[in-house]
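# Fold and contact review
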Amino acid sequence: MSKEIVLSLDIGTVNLKTLAITINGEKLWFSREDISKVKSPRKLWLKILSEIFRIPSSIRSNIKVIVITAHGPSYVVKIHGKKEIIEPYYKPLDKVSTKPLLNFHEMKLLSAIRSHGVEKIVWIMGLKEYIAYKFTNIMTYSKLELRRNVLEKYVEALESKIFMKENTYKNPIGYVNESLSKRLGFVGKVSVIIAPTDAICSLMGAGCVNVGCSNLDLGYTVTLSSILSNDSKEKHNILSYLFGKELSLKIDSVIIGHAISFAKRAFRTHSHYLSSSNLPLMIPMIRKGMFYKTTISAINIPYNFSYEKALKTIIITALLYLRLNSKDIKLSEIRLSGGLASRDVAELVSNIFNTKVHVLEDAESSVLGASFLGISYLSGKELPTISKRIVRIKETYAPIERDARKYRRYLKMFKKIYDVLSQLFLD
């Protein structure tokens, strides 16, 4: 068995996930560390180093490549006279025009720049690019996420502080610097690869490499990524580049973390009051899609609900929203991943989307998918081949017609309510 090991890092909204895996797919180490309260880039970097030091030295000494993905796009901004600042991806867009049509990464970049002012910025990098820089001392940007020809006229004064070395995901940007490598117990040169954002990595880690396959990743943000045929009007060049064939990708997402956090606090603090009151509990639901608009509504939880029922209601609401936005595409299968994946949720998904649902053996699809880039680099094998070989399905669920019919009725009602609320809050 090969001793070459890939270290994969997934910097999520809530958790930092660390995976050590051989090029044959054997998982040697996995950890999950809460980073939800980490606000400074320096503290995040120290957390990452701390997690690497936890890995046994016998594993660390065989690491040959580090792959980094992150929730995105978040940016790290260096300001004159101040420390580095993390600009979170969920911060509202700051009056950024969508004409000409910019992608989400580009819009968030411009929003981050405008919130600080061009004259104050020393440099700006994506979060995963920043962590790669800390390993290698090499500053990069993704030419697939940030189109230089589109952005140049917006950021002329910052051009040299954004458009550094180009990164294209498949090849390393460089090596872990020698002194840091020695501290971490690495042996020989260790390459550093920057992966796409976590939604793309999750798709690979779920084994979705064919048209019609969708990955539903359930975490702080519920994301539905669907691979479409190349006759779609919306192309996604990152997916085509990674898989080596013309594919389209539809991504939609809804943030449920705020609603779940609110529900936890409410039930923990006011459980006695709720059980003795006839008043419902109004939980805020923040939806954020790929059309760059945010609508806020409220989920009405009856007074006699438990937290478990409230959580189920939040998840159903998110699923109905995603189903509403995907009615125009044909889903042949959905692969379920993420921390909220369970048998009960799989049955809900199957009935709401009226399709076959696979639950994976490894729910942490983002950190796993990122590792495939390292495995591909070390082994020379194509990403679809690696994904199909390593990803394993644990259980499969099929829709039950009676329940599917019920959720079709729910979807019609949900659309009427959502249209009214969406218009109300947008106005």
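In this report, we go over the structure that sits alongside the text.

### Quick word on the overall build of the chain
Regarding its fold elements, the chain presents 15 helices and 19 strands. Here the chain holds 427 residues, and the buried ones make up 54% of them. Split by element, the accessible area of the chain, about 19600 Å² in all, is 52% carbon and sulfur.

### Let's talk about the packing of aromatic side chains
Applying the stated rule across the entire model yields six aromatic pairs. When the ring of Trp-45 is compared with that of Phe-135, the centres are 4.9 Å apart and the planes differ by 85 degrees; the resulting orientation is edge-to-face. Separated by 90 residues along the polypeptide, Trp-45 in helix 1 (residues 41-54) and Phe-135 in helix 4 (residues 127-136) bring together distant segments of the chain. Overall, the relative accessible area of 9% leaves Trp-45 in the buried class. Residue Phe-135 is classed as buried on the basis of its relative accessible area of 0%. Arranged with centres 6.3 Å apart and planes meeting at 50 degrees, the rings of Tyr-130 and Tyr-133 form a pair that is tilted. One end of the pair is Tyr-130 and the other is Tyr-133, both in helix 4 and three residues apart, which spans about a single turn.

### Re the sheet that holds strand 2 (residues 15-22)
Pairing is mixed in the open sheet, where six strands are placed in the order 3-2-1-4-11-10. With partners counted over all chains shown, the strands left at the sheet margins are strand 3 (27-34) and strand 10 (174-175), one partner each. Sheet topology places strand 2 next to strand 3; seven bridges connect them, and they run antiparallel. Residue Ala-20 lies in a different strand from strand 3, and its bridge partner there is Trp-29. Across the sheet, helix 4 touches strand 1 (5-11), strand 4 (63-70), strand 10 and strand 11 (191-194), and the angle it forms with strand 4 is around 150 degrees. Running over the sheet, helix 13 (residues 365-379) touches strand 1, strand 2, strand 3, strand 4 and strand 11 and is turned about 145 degrees from strand 1.

### Some details on the state of the cysteines
Within this structure, the stated rule accounts for one disulfide. Two residues share a disulfide in this structure: Cys-208 and Cys-213, whose sulfurs sit 2.0 Å from each other. Disulfide Cys-208-Cys-213: torsion about the S-S bond near -60 degrees, hence left-handed. Cys-213 shares its class with Cys-208; the two are buried.

### With respect to the pairing of strand 6 (residues 84-87)
With four bridges connecting them, strand 5 (residues 75-79) and strand 6 associate as antiparallel partners. Each residue of the ladder has a partner; that of Val-76, found in strand 6, is Ile-86.

### Quick notes on the pairing of strand 1
Side chains on a regular strand alternate between the two faces of the sheet. Counting buried residues along strand 1, seven of its seven residues qualify, which places the element largely inside the surrounding structure. Burial of strand 1 is two-sided: the residues Ile-5, Leu-7, Leu-9 and Ile-11 facing one way and the residues Val-6, Ser-8 and Asp-10 facing the other way are all buried. Pairing of strand 1 with strand 4, which is carried by seven bridges, proceeds in the parallel orientation. Residue pairing in the sheet places Leu-7 in a bridge with Ile-66 of strand 4. Connecting strand 1 to the next strand, strand 2, in antiparallel fashion are three residues.

### What to know about the sheet that holds strand 17 (residues 333-337)
Reading across the sheet, the six strands line up as 14-13-12-17-18-19 and stay open at both edges, with mixed pairing between neighbours. Pairing within the sheet leaves two strands with one partner each, and these edge strands are strand 14 (248-255) and strand 19 (393-397). Strand after strand, the sheet turns through a mean of 20 degrees between neighbouring axes, direction not considered. Pairing between strand 17 and strand 18 (residues 357-360): three bridges, direction parallel. Counterpart to Leu-336 in the pairing with strand 18 is Val-359.

### Concerning helix 14 (residues 383-390)
What helix 14 keeps buried is the set Leu-383, Pro-384, Ile-386, Ser-387 and Ile-390. Each buried residue of helix 14 lies within a common arc of 165 degrees when the element is viewed along its axis, so the set occupies one face.

### Thoughts on the packing of helix 8 (residues 198-205) against helix 13
It is at 6 Å that the axes of helix 8 and helix 13 come closest, and there the two elements cross at 85 degrees. Our classification of the angle between helix 8 and helix 13 gives roughly perpendicular. Along the contact surface, helix 8 presents Asp-198, Cys-201, Ser-202, Met-204 and Gly-205, while helix 13 presents Ser-365, Ser-366, Leu-368, Gly-369, Ala-370, Phe-372 and Leu-373. Class assignment of the residues belonging to the contact of helix 8 with helix 13 gives a composition of six nonpolar, five polar and one charged.

Criteria and thresholds
- Residues numbered from 1 in each chain as written.
- Predicted model: local features only at pLDDT ≥ 70, side-chain atom pairs only at ≥ 80, totals over all residues.
- Heavy atoms only, no water.
- Helix = DSSP H or I, 4+ residues; strand = E, 2+ residues; numbered from the N terminus.
- Buried < 20%, exposed > 50% of the residue type's maximum accessible area, 1.4 Å probe, protein only.
- Areas by Shrake-Rupley, 256 points an atom, 1.4 Å probe, with all protein chains shown as cover.
- Phe/Tyr/Trp six-rings, centres within 6.5 Å; stacked < 30°, edge-to-face > 60°.
- Pairing = 2+ DSSP bridges.
- Contact = heavy atoms within 4.5 Å.
- Axes fitted to C-alpha atoms, helices over the stretch in contact; angles between N-to-C directions.
- Disulfide = S-S within 2.5 Å.
- Arc of directions from axis to C-beta.
- Parallel < 35°, antiparallel > 145°, perpendicular 65-115°, else oblique.
- Nonpolar A, V, L, I, M, F, W, Y, C, P; charged D, E, K, R; others polar.

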